[in-house]
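So the chains spell out like this:
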Amino acid sequence: DSNNVDNDFDTLLQQLKPSAALRLLNFMTEDSREITILRPVRPMLLLGKEDPDDYTRRILLTDEEMAEVLPRLESAVKEGLEKAGFFLN
């Protein structure tokens, strides 16, 4: 039954660590660094900013930047969900 398969998959996802990922590809760079391409199992949101050295790249925020941005992001998301009729309390 497809409902059982969906329920089993949902149960499995709940048991995995938030950082669980499938390894898709490993390769070595010319300077002998190992690169791994992963596919996250759970949906995730990455916050980044423009790389000051290369406007075509994005880099992750520092801990200090995250501490500043995250509360504002959480507030904006909560407000948007509430306007859509979803209340988290």
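One structure accompanies this document, and this report is about it. None of the values given here were measured: they were computed from a predicted structure.

**Observations concerning the overall build of the protein chain**
Logical step 1: Scanning the protein chain from terminus to terminus reveals two helices and four strands.
Logical step 2: Listing the helices and strands of the protein chain from first to last along the sequence gives α-β-β-β-β-α.
Logical step 3: When the 89 residues of the protein chain are sorted by exposure, 4% land in the buried category.
Logical step 4: Contacts spanning at least 24 positions in sequence make up 15% of the contacts within the protein chain whose residues lie at least 6 apart.
Logical step 5: Of the roughly 8,200 Å² of accessible surface on the protein chain, 54% is carried by carbon and sulfur atoms.

**Some remarks on the pattern of salt bridges**
A side chain of one charge can pair with a side chain of the opposite charge when the charged atoms of the two come close.
Logical step 1: Summed over the entire model, instances satisfying the criterion amount to five salt bridges.
Logical step 2: Two residues, R33 and D31, come together in a salt bridge whose shortest N-O distance is 3.3 Å.
Logical step 3: The salt bridge partner of D51 is R57, with a shortest N-O separation of 2.9 Å.
Logical step 4: Classification of D51 as buried rests on a relative accessible area of 7%.
Logical step 5: For R57, a relative accessible area of 44% corresponds to the partly exposed category.

**Examining a nonpolar patch on the surface**
Logical step 1: Residues L22, L24, L25, F27 and I37 make up a contiguous nonpolar surface patch of roughly 440 Å² in combined accessible area.
Logical step 2: Per-element tally for the nonpolar patch: the top contributor is strand β1 (residues 21-28), with four residues.
Logical step 3: Note on placement: L25 falls in strand β1.
Logical step 4: The exposure class of L25 is partly exposed, given its relative accessible area of 43%.

Rules of the game
Residues numbered from 1 in each chain as written. Predicted model: local features only at pLDDT ≥ 70, side-chain atom pairs only at ≥ 80, totals over all residues. Heavy atoms only, no water. Helix = DSSP H or I, 4+ residues; strand = E, 2+ residues; numbered from the N terminus. Buried < 20%, exposed > 50% of the residue type's maximum accessible area, 1.4 Å probe, protein only. Contact = heavy atoms within 4.5 Å. Areas by Shrake-Rupley, 256 points an atom, 1.4 Å probe, with all protein chains shown as cover. Salt bridge = Lys/Arg side-chain N within 4 Å of Asp/Glu carboxyl O. Patch = residues over 30% accessible without salt bridge, like charges linked within 9 Å, V, L, I, M, F, W, Y side chains within 5 Å.

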